[in-house]
Every structure is written in structure tokens, then in C-alpha cells.
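Residue-level listing of the chains:
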Amino acid sequence: MSALATAVEVEPVVDDGYRPTDDEPFMNERQLAYFRKKLLDWKDEILRESKETVTNLKAETENHPDLVDRASSESDRALELRTRDRQRKLISKIDEALRRIEDGSYGYCEETGEPISLGRLEARPTATLSVEAQERHERRERVHRDD
């Protein structure tokens with residue numbers, strides 16, 4: 001094997017029908033490749049929608065003479081900007097998840113070190129806590145909020 005072949009890691013190919021299962025080793029190369037692809041596709045979709053939003057906002061700079069139309073347009077624009085801000089924060093979480101894939105900590109609860117269930121990761125690929133740890137965290141939040 002040449003030095004170049006050993007220096008370059010080959011990403012496992014994940015076919016579209018693949019879904020991680022509990023029957024295989026947790027966070028094996030195939031599962032990591034699956035979640036990396038899922039996260040990158042999600043990020044690409046968000047960025048594509050953001051570009052469309054910018055294009056639409058630039059196109060909608062018209063001045064509405066009717067106050068109701070203007071208010072409706074401004075309300076729509078504000079909602080769109082809030083949505084994009086939430087998605088900007090989501091991109092940051094996606095980037096953090098991709099970093100965890102690279103450093104080997106993806107899929108493990110940052111509080112307990114235990115594996116996060118595949119079902120939870122499938123539903124929320126940016127999850128950093130197991131369901132149990134998340135529930136404890138939310139209970140503590142409620143108790144402190146009520147104080």
C-alpha cells in the first residue's frame with residue numbers, strides 16, 4: 001500500500017436505503033458516515049433556503065401604498081428573519097455535531113458518556129444528551145425557573 005493510500009481515509013459509502021440498527025456496533029464507520037451525510041444534507045438544505053430568503057427579501061423591497069399591505073409585508077419579513085435566525089443557530093449545532101463525529105464523541109451523552117439511542121439521533125441528529133439526561137436537565141430547568 002502506498003503512503004498516499006494510507007494517508008487518505010476512505011469514507012464508507014452509505015446507500016440511500018441504509019438505516020442504522022442496534023444489531024451493529026454502535027457508531028461504527030457506516031453509522032458515522034450515515035449521520036455525517038444526514039447532517040451535511042440538512043445544512044445544505046438550510047443554506048439553500050437562506051439564499052432563497054435573501055433573494056426574496058431583495059425582490060420585495062417595494063413600497064406598499066396601503067398601510068395594511070405594508071404591515072402584512074413587514075410582518076412576513078420579520079417572521080422570515082426570525083426563522084432564518086433560528087436556522088443560523090441550528091447550523092452552529094450541526095457544525096458542532098460534525099466536529100463530534102470527527103473527534104469520536106458523536107452519539108455519546110456529554111453528561112453520562114452513555115450511548116444516545118439511535119432513534120433519538122435519527123430524530124434529532126444534533127442531540128448531545130441521552131433522553132434520560134435531557135429529562136433530568138429539563139426538570140432542573142423547571143425547578144430553577146419556578147424559584
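See the structure above.
Conventions used here
Residues numbered from 1 in each chain as written. Predicted model: local features only at pLDDT ≥ 70, side-chain atom pairs only at ≥ 80, totals over all residues. Heavy atoms only, no water. Helix = DSSP H or I, 4+ residues; strand = E, 2+ residues; numbered from the N terminus. Buried < 20%, exposed > 50% of the residue type's maximum accessible area, 1.4 Å probe, protein only. Contact = heavy atoms within 4.5 Å. Areas by Shrake-Rupley, 256 points an atom, 1.4 Å probe, with all protein chains shown as cover. Phe/Tyr/Trp six-rings, centres within 6.5 Å; stacked < 30°, edge-to-face > 60°. Patch = residues over 30% accessible without salt bridge, like charges linked within 9 Å, V, L, I, M, F, W, Y side chains within 5 Å. Salt bridge = Lys/Arg side-chain N within 4 Å of Asp/Glu carboxyl O. Lys, Arg positive; Asp, Glu negative; His and termini not counted. Charge placed at Lys NZ, Arg CZ, Asp CG, Glu CD. Core = buried A, V, L, I, M, F, W, Y, C linked by side-chain atoms within 4.5 Å.

Chemist: Go over the overall build of the chain with me, naming the residues and quoting the values.
Modeler: The number of helices and strands found in the chain is five helices and zero strands. Going from the N terminus to the C terminus, the chain shows its helices and strands as α-α-α-α-α. Burial statistics for the chain: of 147 residues in total, 27% are counted as buried. Of the contacts formed within the chain by residues at least 6 apart in sequence, a portion of 54% connects residues at least 24 apart. As presented, the chain carries roughly 10500 Å² of accessible surface, and 51% of it is formed by carbon and sulfur atoms.

Chemist: Got a sec to walk through the packing of aromatic side chains? Specific residues and values, please.
Modeler: When we look at a pair of aromatic rings, we describe it by the centre distance and by the angle of the planes. A complete count under the given rule lists four aromatic pairs for this structure. Ring centres of Phe26 and Tyr108 lie 5.2 Å apart, and the angle between their planes is 85°; this geometry places the pair in the edge-to-face category. Taken together, the residues span a long stretch of sequence, with Phe26 in the loop between helix 1 (3-7) and helix 2 (29-59) and Tyr108 in the loop between helix 3 (67-103) and helix 4 (118-123) at a distance of 82 residues. Given the relative accessible area of 25%, Phe26 is considered partly exposed. Judged by relative accessible area, which is 31%, Tyr108 ranks as partly exposed. A ring pair is formed by Tyr34 and Phe35, whose centres lie 5.1 Å apart and whose planes are at 80°; its orientation type is edge-to-face. Grouping residues by exposure puts Tyr34 and Phe35 together as buried. By the ring-pair criterion, three or more aromatic residues cluster together here, those being Tyr18, Tyr34, Phe35 and Tyr106.

Chemist: How would you explain a negative patch on the surface if you had to name every residue and give the values?
Modeler: Judged by side-chain charge, Glu132, Glu135, Glu138 and Glu141 come together as a negatively charged surface patch. Tracing the backbone shows Glu141 in helix 5 (residues 131-146).

Chemist: A description of unusual backbone geometry should follow, citing residues and the corresponding values.
Modeler: The phi angle at Met27 is positive, at roughly 55°, despite the residue not being glycine. Along the chain, Met27 turns up in the loop between helix 1 and helix 2. The exposure class of Met27 is buried, given its relative accessible area of 10%.

Chemist: Describe the environment of Phe35, naming the residues involved and giving the relevant values.
Modeler: Along the chain, the position of Phe35 falls in helix 2. The exposure class assigned to Phe35 is buried, which follows from its relative accessible area of 0%. Between the C-alpha atom of Phe35 and that of Ile101, which follows or precedes it by 66 residues, the distance is 8.4 Å. In this structure Phe35 touches Pro20, Met27, Ile101, Tyr106, Leu118, Leu121 and Glu122, once residues within four positions along its chain are discounted.

Chemist: Lay out the nonpolar core in plain terms, naming residues and giving numbers.
Modeler: Side chains of a nonpolar character, in soluble globular proteins, are inclined to be buried together. One finds Met27, Phe35, Leu39, Ile101, Tyr106 and Leu121 to be the most contacted residues of the largest nonpolar core, which totals 22 residues. Breaking this core down by element, the ones donating at least two residues are helix 2, helix 3 and helix 4. Broken down by element, the residue count for this core peaks at six residues, all from helix 2. With residues up to four places along the chain from it excluded, the contact list for Leu121 reads Phe26, Met27, Phe35, Tyr106, Gly107, Ile116 and Ala127.

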